[in-house]
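Spelled out from the first residue to the last, the chains are:
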Amino acid sequence: MRILFMGTPDFARANLQALCDKGMEVVGVVTPQDKPKGRGLTLTPCDVKKYALEKGLPVYQPLTLKDGAFLDTLKELDPELIVVVAYGKILPKYVLDYPKYGCINGHASILPEYRGAAPIQRAIIDGKTETGVSIQRMDIGIDTGDVICVEKVTIEPSDDFEAVHDKLAVASSKGLLKAVQLLSDGKATYTPQGDEFTYAEKITKDDCYIDFNGAVNDVHNRIRGLSPIPLSFTRTADGKVLKIVKAHISDKSANGKIGEVVFLDSSIHVKCKDGVIALDIIVPEGKGRMNARDLINGRKIAVGDILG
RNA sequence: CGCGGGGUAGAGCAGCUCGGUUAGCUCGUCGGGCUCAUAACCCGGAGGUCAGGAGGUUCAAAUCCCCUCCCCGCAA
């Protein structure tokens, strides 16, 4: 089956890799334009493009799919199936209709929950203990397609975004291969999503701000849901940003003010509304990541300091 | 030329603004002591080409000037 792959980040890369490893016939890879990234704003290709180049797959980077220019590419490659994973652009109807087997998408949630941009992070932040990947037959809406199959994964209490992301990448690859098999066998079934759905909005800076005046569980969920990227943060008394990579719920109890550093051992224990959160790994502004212990040894923080 | 922080013992930092005796702190580490015991406490030790340039200024530079290399945060 002639497959055209469309995707952008590492999550998509894992899926593309799975298809290739399985020996699927990937006739082309579509990714967005390279963007200026990092220090110095150097033009950087996305993970999917890097991988495609390594494998010698033809890469296409159309500015837009909206005008018919992309149609020429489609005709040239003549895919029988388009696989889309975290591509970032909406596919126009003419693209959806082109392939014989349609367009399928791997979305990192159990649809119709968490449609949209940041399903993994939102699920963790919300304290979910289970999520998954849905392979859907794409339609005009955003993640509104009929579901072909679902692969579930468990979210452990200690899992952060990266851990769940990696589990889902595996699950997604598995689901995708299964879906492709079903399609080629003509055995695919399509389950409509129903009317009750939720959206997983894109993560903004506001989402990253830690509110210690909340339940310690929520604080913890937010920290792990956003780690190791983009990372949640708080501020020191002098306004410096302190990003939190890892934390755990402390067994200490304390009377301090909200956001007050109440205890120091190898972690920084901070008072929340109904408990204490212990910060383990930190990224101070202008610095790299370090253990809380190191920050304490450098005399940068003390009991009584107020964070937030 | 996007903005900014930084490279000082194994780790995190101070010292540099206003150059000057043995480069300091919190840890770790090693040895000893106290203790029923300890990641606690006490005593002592080892460990540093102060990123690099047989650069510049100076009687004297970790500290001032110049060049190079490397690391990181933000923003995208």
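Residues numbered from 1 in each chain as written. Chains lettered and ligands numbered in written order. Predicted model: local features only at pLDDT ≥ 70, side-chain atom pairs only at ≥ 80, totals over all residues. Heavy atoms only, no water.

Trainee: What is the right way to read the pattern of salt bridges from this model?
Mentor: Opposite charge on two side chains makes pairing possible when the charged atoms of those side chains draw close. Overall, the coordinates contain 11 salt bridges when judged by the stated rule. In this structure, the salt-bridge partner of Lys50 is Asp47, at a minimum N-O distance of 3.8 Å. You can see Lys50 and its partner Asp47 sitting in helix α2 (residues 47–55), three residues apart, about one turn around the helix. Between Asp97 and Lys93 there is a salt bridge whose closest N-O contact spans 2.7 Å. Taken together, the residues Asp97 and Lys93, both in helix α4 (residues 93–97) and four residues apart, mark about one turn of the helix. Here Asp97 falls in the partly exposed class, since its relative accessible area comes to 48%. (Salt bridge = Lys/Arg side-chain N within 4 Å of Asp/Glu carboxyl O. Helix = DSSP H or I, 4+ residues; strand = E, 2+ residues; numbered from the N terminus. Buried < 20%, exposed > 50% of the residue type's maximum accessible area, 1.4 Å probe, protein only.)

Trainee: When you look at the protein's contact with RNA strand B in this model, what are you seeing that I'm missing?
Mentor: Taken together, 19 residues sit near RNA strand B, with Lys205, Lys243, Lys287, Asp294 and Arg299 positioned nearest. Of everything in RNA strand B that lies within 4 Å of the protein, sugar and phosphate atoms constitute 59%. Separating a sugar or linking oxygen of RNA strand B from a backbone N or O atom of Lys287 is a distance of 2.7 Å. Within the backbone of Gly298, one N or O atom sits 3.3 Å away from a sugar or linking oxygen of RNA strand B. Its residues placed into classes, the surface near RNA strand B shows four nonpolar, six polar and nine charged. (Near = heavy atom within 4 Å. Polar contact = N/O pair within 3.5 Å; in protein donor to acceptor, adjacent residues only side chain to side chain. Nonpolar A, V, L, I, M, F, W, Y, C, P; charged D, E, K, R; others polar.)

Trainee: Is there a simple way to think about the sheet that holds strand β6 (residues 81–85) in this case?
Mentor: Strand-to-strand pairing in sheets goes through backbone hydrogen bonds, with the strands running parallel or antiparallel. Taken in spatial order, the seven strands of this open sheet run β5-β2-β1-β6-β7-β8-β9, and their pairing is mixed. The open sheet terminates on both sides in strands that have one partner only, identified here as β5 (59–60) and β9 (146–154). Pairing between strand β2 (residues 25–30) and β5: two bridges, direction parallel. Counterpart to Val30 in the pairing with β5 is Tyr60. Together, β1 (2–7), β2 and β6 form the strand contacts of helix α1 (residues 10–21), whose direction differs from that of β1 by roughly 165 degrees. On the sheet, helix α3 (residues 69–77) packs against β1, β2, β5 and β6 and is oriented at approximately 145 degrees with respect to β1. (Pairing = 2+ DSSP bridges. Contact = heavy atoms within 4.5 Å. Axes fitted to C-alpha atoms, helices over the stretch in contact; angles between N-to-C directions.)

Trainee: Sorry, what's going on with helix α6 (residues 161–185) here?
Mentor: Each α-helix turn comprises 3.6 residues. Residues three or four places apart therefore point the same way. Spanning 25 residues, α6 covers 35 Å between terminal C-alpha atoms, matching the ideal 36 Å at 1.5 Å per step. A distance of 3.2 Å separates the backbone nitrogen of Glu162 from a side-chain oxygen at the start of α6, and that oxygen is part of Asp160. One or two steps after α6, the chain reaches Gly186, where phi turns positive at roughly 70 degrees. (Expected span 1.5 Å × (residues − 1).)

Trainee: Looking at this structure, I do not really get the layout of surface pockets. What am I missing?
Mentor: The probe, sized like a water molecule, is rolled over the atoms to show the empty space still left. Size it by volume and the largest pocket reaches roughly 1500 Å³. For the largest pocket, the lining is made up of 49 residues, of which Pro9, Ala86, Tyr87, Gly88 and Ala117 are closest to its centre. Those elements that provide at least two residues to the lining of the largest pocket are α1, β3 (35–37), α2, β7 (103–107), α5 (119–125) and α6. In terms of residue count, the dominant contributor to the lining of the largest pocket is α6 (four residues). Of the residues assigned to the lining of the largest pocket, the class counts are 23 nonpolar, 14 polar and 12 charged. There is about 360 Å³ of room inside the second largest pocket. Surrounding the second largest pocket, 16 residues form its lining, Thr236, Leu242, Pro284, Leu295 and Lys300 being those nearest its centre. (1 Å grid on protein atoms, 1.4 Å probe; cavity = no way out; pocket = protein on both sides within 12 Å on 5 of 7 lines; lining within 4 Å. Points joined across faces, edges and corners; volume = space filled by probe spheres on them.)

Trainee: What's the story with unusual backbone geometry in this structure? I'm lost.
Mentor: Working note: non-glycine residues mostly have negative phi, and peptide bonds are mostly trans. Across the junction of Leu111 and Pro112, the peptide omega takes the value 10 degrees, indicating a cis bond. Here Pro112 lies in the loop between β7 and α5. The linkage connecting Ser227 with the following residue, Pro228, adopts the cis geometry, with an omega of 10 degrees. In this fold, Pro228 is placed in the loop between α8 (216–225) and β10 (232–235). Within the chain, Asp78 stands out as a residue other than glycine whose phi angle is a positive 45 degrees. Judged by its relative accessible area of 39%, Asp78 is partly exposed. The backbone of Leu231 sits at a positive phi, close to 85 degrees, despite the residue not being glycine. Take Leu231: it is sitting in the loop between α8 and β10.

Remember that the coordinates give geometry; whether it matters functionally is a separate question.
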